[in-house]
Amino acid sequence: MPNYPLTRFHEQATLTDDEAQTLHGLGDPEIVYRRNATIRRDREPVDGMYLLLEGWATSSIRLPAGQRQIVKVHITGDMMGTPSMVLDTAADTLTAVTECRVSKVSFDRLREVLIASPRLGPLLLMGVQVERLALMDIVAAMGKSSARERMVRLLLDLHDRLAKIGAVEEGRFDMPLTQEVLGDALGLTAVHVNRTLRLLEREGLIARHGQRIAFGDIEALRKMSPVPPRHIRFDPAWLPGPGEM
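Keep in mind the model is a prediction, meaning the values are calculated, not measured. (Residues numbered from 1 in each chain as written. Predicted model: local features only at pLDDT ≥ 70, side-chain atom pairs only at ≥ 80, totals over all residues. Heavy atoms only, no water.)

## Describing the pattern of salt bridges
Per the stated rule, a full pass over the model turns up 18 salt bridges. Between Glu-19 and Arg-119 there is a salt bridge, and its shortest N-O distance comes to 2.7 Å. On the criterion of sequence distance, the pair formed by Glu-19 in helix H2 (residues 17-24) and Arg-119 in the loop between helix H3 (107-116) and helix H4 (120-144) is long-range, its members being 100 residues apart. Accessibility assignment for this pair places Glu-19 and Arg-119 in one class, buried. (Salt bridge = Lys/Arg side-chain N within 4 Å of Asp/Glu carboxyl O. Helix = DSSP H or I, 4+ residues; strand = E, 2+ residues; numbered from the N terminus. Buried < 20%, exposed > 50% of the residue type's maximum accessible area, 1.4 Å probe, protein only.)

## Re the pairing of strand E4 (residues 57-62)
With six bridges joining them, E4 and strand E5 (residues 68-74) adopt antiparallel strand pairing. Considered in E5, the bridge of Ile-61 is made with Gln-69. From the end of E4 to the start of E5, which pair antiparallel, there are five residues, and Gly-66 there has a positive phi angle of about 100°. (Pairing = 2+ DSSP bridges.)

## Thoughts on the packing of aromatic side chains
A complete count under the given rule lists one aromatic pair for this structure. Seen from their ring centres, Phe-173 and Phe-215 are 5.6 Å apart, and the 90° between their planes marks the pair as edge-to-face. Here Phe-173 is found in strand E9 (residues 172-174), whereas its partner Phe-215 is found in strand E11 (residues 212-215), with 42 residues between them in sequence. Among the residues examined, Phe-215 registers a relative accessible area of 12% and is labelled buried. (Phe/Tyr/Trp six-rings, centres within 6.5 Å; stacked < 30°, edge-to-face > 60°.)

## Considerations on the sheet that holds strand E8 (residues 100-106)
The sheet built from four strands is open, its strands ordered E1-E8-E3-E6 with antiparallel pairing. Edge positions in the sheet fall to strand E1 (31-33) and strand E6 (79-80), since each has one partner strand and no second. As paired elements, strand E3 (residues 48-54) and E6 share two bridges and run antiparallel to each other. Residue pairing in the sheet places Tyr-50 in a bridge with Met-80 of E6.

## A few points about the nonpolar core
In terms of nonpolar packing, the biggest core is built from 30 residues, with Trp-56, Leu-158, Met-175, Leu-177, Leu-200 and Phe-215 touching the most fellow members. Taken together, the elements giving at least two residues each to this core come down to E5, helix H5 (147-164), helix H6 (179-186), helix H7 (190-202), E11 and helix H8 (218-224). Top element by residues in this core is H5. It accounts for eight residues. Among all residues touching Met-175, those that are not within four sequence positions of it are Trp-56, Leu-155, Leu-158, Leu-182, Gln-211 and Ile-213. Core analysis: the second largest hydrophobic core is formed by 19 residues, Leu-53, Leu-110, Leu-124 and Leu-239 among them. (Core = buried A, V, L, I, M, F, W, Y, C linked by side-chain atoms within 4.5 Å. Contact = heavy atoms within 4.5 Å.)

Everything listed is a geometric property; what it means functionally is a separate question.
See the structure below:
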């Protein structure tokens, strides 16, 4: 039985014990994917979504000319493949960046859970809106900001998301993303990525030690980011309370 981490749900709302237990065991038995393995390829039939129990992965779209655009970097606790739930075939490819433990949630299983625990429907809806908000910020940054600002936004996003799962220590966190992956996420060449990271290092804003990133001045980085930090509303008024559905 998978044990899906509930960090994202605890950020959004108060869960009952039954809801937490259901979410913990939502998916099928876990599958381990090695680094660079394809979890699901674009254009494959869609029959469920995926829970990232542990590891890093990416969601990417292949453009007509063959370029890869990474639209999301996933970390432990993320739901993956949800945009393709409205399609017959997948819009994106899910790829393991590190070794990943993944649990698939079939649509049949999801339907059973939503019937038995209807309040989980609005909770999942809220989670999807959080993802939509993140994508809005990415689109805004990609269209109207410099390479330096794009990099800062991505580093802050990873820092803040990793902090919620206890993976940041005194401003330091592991980032197992190659310069090629960073480039595909930011719309930059690997050379431009390297140049941008070196610039931030020279300015004393970050330090790199292998895959480990350390922030020198997080407040200066936040002022530099093209989008503000987002604070998710906890237990919003529109969310039905326990026992109301």
